[in-house]
Amino acid sequence: MRILFLCVANSARSQMAEGLARAILPSDIEVASAGSAPGRLHPLAVKAMAEAGVDISHQYSKPIDAVAPEAADLIVTLCADEVCPYVPGPVQRLHWPIPDPAAGDGIAAFRGARDLIWSRIEGMTLRSRPEDRGLVR
């Protein structure tokens, strides 16, 4: 299975989702993220994830066409107030309306977004709990 997380800038929410999915979901699930107007990986996203034991510092913002969206089995959009990217075609879709933490109040907004995404990804699997895999919540 291949999961693609999309938002606009691919700088925070979709990057955090990619990192959390890699840490939580079974290793045979391929995970990627991208954005319709990619920017730069936000340093507070990296910090919030590091606090949870997940290193996303090696990840980088990518445009949608760089991640072969047509090969995705599931596309998860994480936009709230923005216009979410749309990839046409027969694919399962989920929409998680998570506010952009970059528009919020510093690290607290990134922690809140991380925790919301974490809960959604945990709901995608019944496999081992994050606490059993060295993650800190």
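Residues numbered from 1 in each chain as written. Predicted model: local features only at pLDDT ≥ 70, side-chain atom pairs only at ≥ 80, totals over all residues. Heavy atoms only, no water.

Any two side chains of opposite charge can pair, given that their charged atoms come close. The full count for this structure, using the stated rule, is seven salt bridges. One salt bridge connects R114 with E51, and the closest N-O pair in it is separated by 3.7 Å. Placement of R114 in helix α3 (residues 107-122) and of E51 in helix α2 (residues 43-51) is noted, with a sequence separation of 63 residues between them. Given the relative accessible area of 7%, R114 is considered buried. Judged by its relative accessible area of 33%, E51 falls in the partly exposed class. Salt bridges sharing partners connect three or more residues here, namely E51, R111, R114 and D115. (Salt bridge = Lys/Arg side-chain N within 4 Å of Asp/Glu carboxyl O. Helix = DSSP H or I, 4+ residues; strand = E, 2+ residues; numbered from the N terminus. Buried < 20%, exposed > 50% of the residue type's maximum accessible area, 1.4 Å probe, protein only.)

Here the focus is the side chain of R13. Residue position: R13 is located in helix α1 (residues 13-24). Reaching out from R13, the side chain makes a polar contact with the backbone oxygen of L78 at a distance of 3.1 Å. In contact with R13, not counting residues within four places along its chain, are C7, L78, C79, A80, E82, I98, P99, D100, P101 and I117. (Polar contact = N/O pair within 3.5 Å; in protein donor to acceptor, adjacent residues only side chain to side chain. Contact = heavy atoms within 4.5 Å.)

On to unusual backbone geometry. You will see that N10, though not glycine, has its phi angle at about 55°, which is positive. You can see N10 is positioned in the loop between β1 (2-7) and α1. Backbone geometry places A68, a non-glycine residue, at a positive phi of 50°. Considering the arrangement of structural elements, one finds A68 in the loop between α2 and β3 (74-77).

What follows concerns the environment of P38. Its location among the elements puts P38 in the loop between β2 (30-35) and α2. The class for P38 is partly exposed, based on a relative accessible area of 33%. Note: C-alpha distance between P38 and I64 (26 residues apart in sequence) is 8.6 Å. Every residue in contact with P38, bar those within four places of it in the chain, is listed here: V8, A9, S61, K62 and P63.

That's the geometry; what it means functionally is another story.
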